Structures are given as C-alpha cells and as structure tokens.
Amino acid sequence: MSNFKISRSRVNVLPIAIGITLLLAVFPASWLRWTSDIADLVRVPVTPVSHVGTLVTSWVRSPAEVPGMIEDEVERNALAEMERDHFRQLHAAQMLRATELADQLRILQNLPESALRNPQPPLIIPIDITGKQLQKVSGTIELKLISGASERIQVGDIAVVGKDIVGRVARIGSTRIELHPITHKETGLTRAAILPARPQQGRAPLLAEIILQSDGSASMYADVSATSGVQKFDLVVLDDPSWPSVAAGFTVGIVESVLQLDEAPLRQRVVITPRRTARDVARVVVLGTGESAK
C-alpha cells in the first residue's frame, strides 16, 4: 500500500515540474538572470575534467601548421621587405594618380565657360614627349590618341591651355594626333583682334582688327594703323570665322613690341608672342567638334 502512495506522489510531481518549466520559459530573459548563476554552480564540478580533456586533445592531435609559413628567418625577412617595397610602390602609384586627377580638375576649372558649353565635352589629352621637335620652336607636336578621341576630334579643332590657344589639330592618325602650334608656318593667315590688357578711360575696347601671319618662328606679326593706340602687353584674341566657333574670343598671344615701319609711316608692325605653348605643359585640352560623343 505504501509503495502505491509513493508512485502516485512521483506521478503528481512530474506534471508540476513540467508546468513550472514551461511557465519559466515564457518569462522575459531579464527576469531569469539568476539561472546563469545556478548554471555556473553546476558547471564548477566538471570544469577541471574539461580542462584535462582539452590538454589530452591537444597532446593527441597537434595543431595544424599554417600553410605557406616560412621557417627560415632570413627568407621571412626577405619576403617582408619585398612586400613592404611592393606596398610602397602601390602607395606611390596612387599618389601620382591622385595628383594627375587634381591637375586635370584644375585644367578644366581654368577653361572659359564657353568651352564648357561646347556640345562635345573637352578632352584632356597627354602630349607625347617623343613627339616634341625640340630643335623647332614651332614644330609639330604629337598627342596621344586616347580612347574615343578619333570620333570626337576633327582636323582643325583647337587645343587650349586655360584661355590660350596653343595649337590646331592637323592630322589624326591611328595612334597619334598631330598638332600645329599657333605659330606654325602652315597655320596661314588668321583674323584676330587686339584688346587692351587693362581697360582704361581713353582707350577703346577694341583697338584693332588684324591679320596674323607667321614665318615659323616663336612669334607672329601683323600691321596696324599708327593711330590704333596698340601698346605692349595688349591681348590678341581670335576672331576668325574659318576656325571652329568655340575658338572665338580665346587668347592667341600678347603684344610683345610695336615697331614703326619705315616704308609705311602710317603703319606699325605689331609682334605677338603666345602666352602659353604646348611644349611647356604635359597635357592640353582639345575642344572637339565631332558629332559622335562615344
């Protein structure tokens, strides 16, 4: 009879324990923080045994070696130095690239607004160093043919540095673009206008309309009226309808000197020198007039 009562008490305790467990399971985690302390107390007796098991495991199974690990100290040092030099080279390359992009941004910022409104975006093209004819001040200069340039550039397009024309495209090859400087002898007669360098009272805003000529030297010349009032350092800007319309108003050069012509007392010879030349820069901006922008 007593055994039966004991079994019934065990049967009654089991559902109660299960019910309590389920009830605790739905409680918020913040209410059951005390259970972690109980778990730590239960884990204390088995902790030494787990440490012993870990030591035995590490003794039976040695840790795997790192693949590719060089044991020789000299070889490790050599490899470290090689990797150091490699990353230094990558860092220098990125610095040069960042400097180049900054230079290109400054070049575009120096362009006049009319060039930025051109239907075709300006092209920044590097100058091929081997294409500079050092013995000829006004010799042909070669530009690198960058991707997409052949569709956007046509013969006769201008190359500029800031607000100054430095040349005109003479030929487009398979790998190079030939550029004639503004003072090249094949540039021919070019219409231009002379403006005062600093507008002042008593000086006209347009001093003279001229026809520029070049003999292949570093400068150009034109004849003006002796009463024009042209002075040294006045600006010479392009005003030639045979050139691309985007080129109008760009600076061709400055007046270097004004000479009296003995054979024509009423005329003066004006010598004009470009302010900027393509030979002095690493890249130029070509204002293309091609129809394709691909």
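As a convention, each chain's residues are numbered from 1 in the sequence order in which they are written. Whole-chain, interface and lining totals are the exception, using all residues; otherwise, since this is a predicted model, local features are given only for residues with pLDDT of at least 70 and side-chain atom pairs are given and counted only at 80 or more. The basis for every side-chain value is the complete set of non-hydrogen atoms in the structure, without hydrogens or water.

A few words now on the pattern of salt bridges. Salt bridge criterion: a side-chain nitrogen from Lys or Arg within 4 Å of a carboxyl oxygen from Asp or Glu. Enumeration over the complete set of coordinates arrives at six salt bridges. A salt bridge links R176 to E142, with the shortest nitrogen-to-oxygen separation between them at 4.0 Å. Here the residue R176 occupies a position in strand β5 (residues 176–181), and E142 occupies one in strand β2 (residues 141–144), the gap between them amounting to 34 residues. E142 sits in the partly exposed class, given a relative accessible area of 26%. Labels follow the DSSP assignment, with helices taken as runs of H or I lasting at least four residues and strands as runs of E lasting at least two, numbered in each case from the N terminus. Under the scheme applied here, a residue whose accessible area is under 20% of the maximum for its type counts as buried, over 50% as exposed, and between as partly exposed, the area being computed with a 1.4 Å probe on protein chains only.

For the rest of this paragraph, the subject is the layout of surface pockets. In this structure, the largest pocket occupies an estimated 170 Å³ of space. Cavity: a set of points on a 1 Å grid over the protein atoms alone where a 1.4 Å probe fits but cannot get out. Pocket: an open set with protein on both sides within 12 Å along at least five of seven lines, its lining residues, like those of a cavity, having an atom within 4 Å of a point. Lining the largest pocket, in full, are D103, R106, I107, N110, V161, G162, R276, V281, A282, R283 and V284. Listing elements by their share of the lining of the largest pocket, those giving two or more residues are α4 (73–109) and β12 (283–287). Here the lining of the largest pocket takes three residues from α4, the largest share from any one element. Each residue is assigned to one class: nonpolar for Ala, Val, Leu, Ile, Met, Phe, Trp, Tyr, Cys and Pro, charged for Asp, Glu, Lys and Arg, and polar for all the others, Gly among them. Considered class by class, the residues forming the lining of the largest pocket number five nonpolar, two polar and four charged. Grid points are joined across faces, edges and corners, and a volume is the space filled by probe spheres set on the points.

For two strands to be treated as a pair, DSSP must find at least two bridges joining them. Where β2 lies against β5, four bridges are found, and the strand directions are antiparallel. Note on β5: the bridge partner recorded for E142 is E178. Here strand β4 (residues 164–172) runs beside β5; their pairing, made up of five bridges, is antiparallel. If you follow G167 over to β5, its bridge partner there is P181.

Rolled over the atoms, a probe with the dimensions of a water molecule shows which regions are left empty. The full count for this structure, using the stated rule, is one cavity of 30 Å³ or more. The space that makes up the largest cavity amounts to roughly 50 Å³. If you trace the largest cavity, you find it lined by I182, T187, G188, T190, L212, Q213, S214, M220 and V252. No other element matches strand β7 (residues 208–214), which puts three residues into the lining of the largest cavity. Counted by class, the lining of the largest cavity contains four nonpolar, five polar and no charged residues.

Tracing the chain through its elements places Q154 in the loop between α6 (149–152) and β3 (158–161). Remark: the alpha-carbon pair of Q154 and R171, spanning 17 residues in sequence, is separated by 8.3 Å. Non-local contacts of Q154, meaning those with residues more than four positions away in its chain, are made with V169, I172, T289 and G290. As used in this structure description, the phrase polar contact means that two N or O atoms lie within 3.5 Å; if the pair is within protein, one of them must be able to donate a hydrogen and the other to accept it, and residues adjacent in sequence are counted only when both atoms belong to side chains. A polar side-chain atom of Q154 sits 3.4 Å from a polar atom in the side chain of T289. Contacts are residue-level and defined by heavy atoms, with any inter-residue pair within 4.5 Å sufficient.

Buried Ala, Val, Leu, Ile, Met, Phe, Trp, Tyr and Cys residues that are joined via side-chain atoms within 4.5 Å together make up what is termed a nonpolar core. The biggest cluster of nonpolar side chains holds 30 residues, and the ones touching the most others in it are I165, I194, I210, L212 and V236. Contributions of two or more residues to this core are made by β3, β6 (190–195), β7, β8 (220–225), β9 (235–238), β10 (251–260), β11 (267–273) and β12. Apart from the residues lying within four places of it in its own chain, the contact partners of I210 are T190, R191, A192, A193, I194, A222, D223, V224, V236 and I272. Among the nonpolar cores identified, the runner-up in size contains 17 residues, and L123, A159, V161 and V286 belong to it.

Attention now goes to the packing of aromatic side chains. Between the rings of Phe, Tyr and Trp (Trp by its six-membered ring), a pair exists once the centres lie within 6.5 Å; its type follows the angle of the planes, with under 30 degrees stacked, over 60 edge-to-face, and the other angles tilted. With the rule as written, the count across this model stands at zero aromatic pairs. For a ring to carry a charge above it, either NZ of a lysine or CZ of an arginine must fall within 6 Å of the ring centroid while also lying within 35 degrees of the normal to the ring plane. The cationic tip of R168 hangs over the ring face of W243; the distance from NZ or CZ to the ring centre is 4.1 Å.

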